[in-house]
Structures are given as structure tokens and as C-alpha cells.
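Fold and geometry: a report
So the chains spell out like this:
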Amino acid sequence: MALEIERRFLVRKDVRHLCRDGVRIVQGYLPSDGACTVRVRIAEGGATLTIKSLKRGACRDEVEHPLPLEFARQLLRHRCTGRTIEKTRYRHCQDGLCWEIDVFHGENAGLVIAEVELDDPDQTVPLPDWIGAEVTTLRAYGNSALSRTPIRCWPAEAA
């Protein structure tokens, strides 16, 4: 099992000039016992099943397995009903780090989150000027939570 160390931030400026050659992602979440999230993702013509433990700060355990594409489509259609998100992911390297910029669509349109994977939870992260508030530990901004309660459903003062 791999350890994922990731920090997530809202994007506060227009970053379209950084967003080239994006990858369209559709992902859904299977029901679970709350001790982990189970994700089905289709991207770049392939599919994966990912199991992630609960976060401990910026860290969590993660295991990922490839899935047959048609099986993933069936899971999304029949088992992840109402628990899906769509986004386009762009990669942008800056200051020795590779940022993943997720531009959400559908019920989460307007939300842009940048995340960066780290080697160590205490690693220094030089923040580009387009980075806004950190949302690493805010559950509402997690993809699984966004699939259940998209930003379109949030009270105006919370968004």
C-alpha cells in the first residue's frame, strides 16, 4: 500500500494560461463503511479502482488497481449513482513541484482546486501567486464529499 502525501488549495486567480493538454476525468464513489473511500475513475481511455484510507493531516494510505473499462462504466452507471464528479486535470510544473489543477464541471462548475503531491508531510511548498486558501483538511472540498454535496448545493456564504 502506498502513502499519499498531498496538499490541496483553492485557485484564486485565472489560470487558463497554465492549463494545456488537460485530461478529462469522470469518477464515482462506491458506498463504504466510512473508514475509507472507494473510487472508480475513467481517464485517458483507462479505468482504475482506488481505495483510500481516512486522512491524517495531508497523509493517507492508497491502493490502486486497473479495471476493465466496460466494468468501470457499469460501476459508475449502476453503483455510483448520484456520487460522481467530472473534471479536467491539467499539470503545471513550477519551483520543482508538479501541480495538478482540477477544473470541475457539472454540479461543481466554477470550482478550481490545485493539489501537489509531496515526498514528506513537512516538505516546504513554495506557493505560486495563483494559490488561495488551503483546503487539505476541509472534508467538504474532498472529491468524495463533492460527489455527494456539490458546491451548487452549498449555502452562498459557504462557497
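Now for a quick tour of the structure. All values reported here derive from a predicted model rather than from experimental measurement. (Residues numbered from 1 in each chain as written. Predicted model: local features only at pLDDT ≥ 70, side-chain atom pairs only at ≥ 80, totals over all residues. Heavy atoms only, no water.)

1. Quick word on the layout of surface pockets
Its volume calculated, the largest pocket comes out at about 1,000 Å³. Tyr 29, Thr 37, Lys 52, Arg 60 and Asn 143 are, among the 46 residues lining the largest pocket, the residues nearest its centre. Mapped by element, the contributors of at least two residues to the lining of the largest pocket are strand S1 (2-11), strand S2 (23-30), strand S3 (36-43), strand S4 (46-53), strand S5 (59-67), strand S6 (84-94), strand S8 (112-117) and helix H2 (143-148). Partitioned by chemical class, the residues of the lining of the largest pocket number 13 nonpolar, 12 polar and 21 charged. (1 Å grid on protein atoms, 1.4 Å probe; cavity = no way out; pocket = protein on both sides within 12 Å on 5 of 7 lines; lining within 4 Å. Points joined across faces, edges and corners; volume = space filled by probe spheres on them. Helix = DSSP H or I, 4+ residues; strand = E, 2+ residues; numbered from the N terminus. Nonpolar A, V, L, I, M, F, W, Y, C, P; charged D, E, K, R; others polar.)

2. Notes on the pairing of S4
Bridge count for S3 against S4 is eight bridges, and the pairing is antiparallel. Directly across from Val 38, in S4, lies its bridge partner Ile 51. Count of turn residues in the S3/S4 antiparallel hairpin: two residues, of which Glu 44 carries a positive phi of about 50 degrees. What sits between S4 and S5 in their antiparallel hairpin is a turn of five residues, with Gly 57 showing a positive phi close to 70 degrees. (Pairing = 2+ DSSP bridges.)

3. Details of the packing of aromatic side chains
On inspection of all chains with the given rule, the structure shows three aromatic pairs. Where Trp 99 meets Trp 130, the ring centres are 5.7 Å apart and the plane angle is 70 degrees; that geometry is what we call edge-to-face. Here Trp 99 is found in strand S7 (residues 97-104), whereas its partner Trp 130 is found in the loop between S8 and strand S9 (131-134), with 31 residues between them in sequence. The exposure class of Trp 130 is buried, given its relative accessible area of 4%. Grouping aromatic residues by their ring pairs yields a cluster made of Phe 9, Trp 99 and Trp 130. (Phe/Tyr/Trp six-rings, centres within 6.5 Å; stacked < 30°, edge-to-face > 60°. Buried < 20%, exposed > 50% of the residue type's maximum accessible area, 1.4 Å probe, protein only.)

4. Digging into the side chain of Arg 39
Along the polypeptide, Arg 39 turns up in strand S3. A polar atom in the side chain of Arg 39 sits 3.4 Å from the side chain of Glu 64. Sequence-distant contacts of Arg 39, defined by excluding residues within four places in its chain, comprise Gln 27, Gly 28, Tyr 29, Thr 48, Leu 49, Thr 50, Lys 52 and Glu 64. (Polar contact = N/O pair within 3.5 Å; in protein donor to acceptor, adjacent residues only side chain to side chain. Contact = heavy atoms within 4.5 Å.)

5. Things to note about the nonpolar core
Counting residues in each nonpolar core, the largest one holds 17 residues, and the members touching the most others are Val 15, Trp 99, Ile 101, Ala 114 and Trp 130. Elements that contribute at least two residues to this core include exactly S1, S7 and S8. The residues contacting Ile 101, other than those within four sequence positions of it, are Val 15, Leu 18, Cys 19, Thr 88, Arg 89, Tyr 90, His 92, Val 112, Ile 113, Ala 114 and Trp 130. In terms of nonpolar packing, the next biggest core, distinct from the first, is built from 10 residues, Val 40, Leu 67, Leu 76 and Cys 80 among them. (Core = buried A, V, L, I, M, F, W, Y, C linked by side-chain atoms within 4.5 Å.)

6. Here we look at the pattern of salt bridges
The full count for this structure, using the stated rule, is 18 salt bridges. Of the charged contacts in the structure, one is a salt bridge between Glu 64 and Arg 39, with a shortest N-O distance of 3.4 Å. Residue Glu 64 is found in strand S5, and its partner Arg 39 is found in strand S3; the two are separated by 25 residues along the sequence. Here Glu 64 falls in the partly exposed class, since its relative accessible area comes to 44%. Its relative accessible area of 6% is what places Arg 39 among the buried residues. The structure contains a network of salt bridges with shared partners spanning Glu 6, Arg 8, Lys 87, Arg 89, Arg 91, Glu 100, Asp 102 and Glu 115. (Salt bridge = Lys/Arg side-chain N within 4 Å of Asp/Glu carboxyl O.)

All we've got here are geometric facts, nothing functional implied.
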